[in-house]
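Structural features, examined
Here is what each chain is made of, one letter per residue.
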Amino acid sequence: MRDRTIDVSVENWEKSIDNSNEYTLLREGKIIGKLLPMTIFNPKDVVDVISVKTKYCIPSFQRGYRWEEKQVLDLLKDIWDWNAKEQNKQYKYCLQPLVIIESSDPDYDYDVIDGQQRLTTLFIILKAINKEVKFSINYATREGSSEYLDKIGGNLVDSDKNIDYYHMFNAYQTVNKFFIDNQYDSDIWYEKLVDSFS
């Protein structure tokens, strides 16, 4: 018998043994989803994530958005420094995983199990550099965060209302500062983002 449970490093996830070809996801003793092995390692280019109209839901067990300046800058610099043309063609830049399962809520396409910090940061970056954001993010237990994120970039006087807004707004400011201080062209950065993965 083989262990077919996904360890997503969330404190209250439990292990399960399953003889089938599926992976069972449990939370607090309840099955919340099944993943087929082929869907677990189904790499996608980032352009497929950011350019498709998709509704993501961040479940209640996920922590709020907490990336600080260092993590945002690391992501921005990694993309800027990656040059696919100079790299061996057999290698692609790896953004790190976005683990999703089909949502049981008909209002959303996917629940994000892991990677919401990166996904939210990509959303913020695209807003900051005035690129169309086709995907949406809803936070199951963080009321107002989705609306705040959608409006980010305007006159956001509410950044001190809660900790999520604070970190989202700081990430937005970090993105703007990155391009201004380094005199980088955001269109070139965006092209690197979509080209690095194809």
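Before reading further, recall that the structure is shown in the block above.
Now for a quick tour of the structure. (Residues numbered from 1 in each chain as written. Predicted model: local features only at pLDDT ≥ 70, side-chain atom pairs only at ≥ 80, totals over all residues. Heavy atoms only, no water.)

**Some remarks on the pattern of salt bridges**
Note the threshold: Each salt bridge in this description consists of a side-chain nitrogen of Lys or Arg and a carboxyl oxygen of Asp or Glu lying within 4 Å of one another. Numbering of helices and strands starts at the N terminus; helices are DSSP runs of H or I of at least 4 residues and strands are runs of E of at least 2. Partly exposed describes any residue whose relative accessible area lies between the buried limit of under 20% and the exposed limit of over 50%, with all areas from a 1.4 Å probe on protein chains only and scaled to the type maximum.
According to the stated counting rule, one finds five salt bridges in the structure shown. Between Asp187 and Lys131 there is a salt bridge, with its nearest N and O atoms 2.7 Å apart. With Asp187 in helix α7 (residues 186-195) and Lys131 in the loop between α4 (116-128) and β7 (136-139), this residue pair connects regions lying 56 residues apart in the sequence. Residue class for Asp187 comes out partly exposed when judged on its relative accessible area of 40%. Take Lys131: its relative accessible area is 23%, and that puts it in the partly exposed class.

**Some details on the sheet that holds β7**
What counts, and what does not: The pairing criterion for strands is at least two bridges between them, as found by DSSP. Angular values range over 0 to 180 degrees, each being the angle between N-to-C directions of two axes fitted as lines to C-alpha atoms, with helices fitted over their stretch in contact. It only takes one pair of heavy atoms within 4.5 Å for two residues to be counted as in contact.
Pairing is mixed in the open sheet, where four strands are placed in the order β5-β6-β4-β7. Looking along the sheet, the strands with just one partner apiece sit at the ends: β5 (99-102) and β7. Pairs of neighbouring strands in the sheet enclose a mean axial angle of 35°, with direction left out of account. In this structure, β5 lies alongside strand β6 (residues 110-114), joined through four bridges in antiparallel fashion. For Ile101, the partnering residue across the bridge sits in β6 and is Asp111. Along the sheet, α4 makes contact with β4 (55-58), β6 and β7, crossing β7 at roughly 130°.

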